[in-house]
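Below, each chain spelled out in residue letters.
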Amino acid sequence: MAPKFPAALNGLGQLYFLQRKYDQARKYLLQAAPQSSAAWYGLAKLYLLEGKFDDGAKWARKVVASPDVDDLAKQMLQAAKDKKLSDDLRSQIEPPELNAGSNQLAQAWQLMNQGRRDEAKAIFDALLAKAPGDASALNGMGWFHLIGGDVDQAKPLFEKAIAADPQAAGAINGLARVLKAQGDDAGAIKLWQQMLEEFPGPNAATSGLADAYLEKGEFRKAVPLLEQLLKATPDDQEIKDKLEQARKGSDK
């Protein structure tokens, strides 16, 4: 079964983007985009590089309207409006040449997404044998164990990934999900809150927090988070149902 975690889907999309495999990158970034604002940036760059300026403008506007806005996002939006990608901007957003390790990492995520977990693990093992402190490989192996239900094995891998790269959003979300599975709701909520402060939603932290608050019956806290998620994915029936539940609960 393909993993549905937005962070994992975004990570896979970004890896394909770095390989300039834009068709495959688009597939996973679009799946991640409803709950991962990081995917918006990737989609804006991808569509600009393909010359699909209307599509690029759609995603660049989302980035510009978010707390993640920066000068490059504004440049991308202007280029999309002008329907012209300058050489200078292209040089800033086009992926560089990849090394062999990055290609292997992308292959491992693809295999895991296809349910071929043993093959994916072999690649993660090989990458970690060469570079035991590589945050991306640690994160990948963490998700391998988390998706397989082995949270005790996943936890130290996510912790090492975060120690190597404090901005590793995928590993932060992974560790929060581990804590939640281990019954440490307070620890998971704290991590997701910190993640949202660092990476404003809607993203995986928004979804994780909303579900945690629903389970705890803290409906008033869940409502604004679910409203953010629904705004990003207006046709998602599951989110609609959760929002209705939270609104009814908050009225009591």
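Please read these numbers as outputs of a predicted model, since none were measured by experiment. (Residues numbered from 1 in each chain as written. Predicted model: local features only at pLDDT ≥ 70, side-chain atom pairs only at ≥ 80, totals over all residues. Heavy atoms only, no water.)

Peer 1: Quick rundown of the packing of helix α14 (residues 219-232) against helix α15 (residues 237-251)? Include the residues and the values.
Peer 2: Here α14 crosses α15 at 150 degrees, and the two axes come no closer than 8 Å. By the angle between their axes, α14 is roughly antiparallel relative to α15. When you trace α14 past α15, the crossing you get is left-handed. For the pair formed by α14 and α15, the contact residues are Phe219, Arg220, Ala222, Val223, Leu226, Glu227, Leu229 and Leu230 on the first element and Ile239, Lys240, Lys242, Leu243, Gln245, Ala246, Arg247, Gly249 and Ser250 on the second. (Axes fitted to C-alpha atoms, helices over the stretch in contact; angles between N-to-C directions. Helix = DSSP H or I, 4+ residues; strand = E, 2+ residues; numbered from the N terminus. Parallel < 35°, antiparallel > 145°, perpendicular 65-115°, else oblique. Left-handed = near helix turned anticlockwise from the far one by under 90°. Contact = heavy atoms within 4.5 Å.)

Peer 1: Help me get a handle on unusual backbone geometry, residues and values and all.
Peer 2: With phi around 55 degrees, Lys83 is a residue other than glycine that occupies positive phi space. Among the structural elements, Lys83 can be located in the loop between α5 (71-82) and α6 (87-93).

Peer 1: Which residues make up the environment of Ala154, and what are the values?
Peer 2: Checked against the element boundaries, Ala154 lands in helix α10 (residues 151-164). By relative accessible area, Ala154 is classed as buried at 0%. Between the alpha carbons of Ala154 and Phe144 there is a distance of 7.7 Å; along the sequence they are 10 residues apart. (Buried < 20%, exposed > 50% of the residue type's maximum accessible area, 1.4 Å probe, protein only.)

Peer 1: If you had to explain the nonpolar core to someone new, which residues and values would you point to?
Peer 2: Formed by 88 residues in total, the largest nonpolar core has its most connected members in Ile93, Trp109, Phe124, Phe158, Trp192 and Leu226. In terms of residues, this core owes the most to one element, helix α3 (residues 37-49), which gives nine residues. (Core = buried A, V, L, I, M, F, W, Y, C linked by side-chain atoms within 4.5 Å.)

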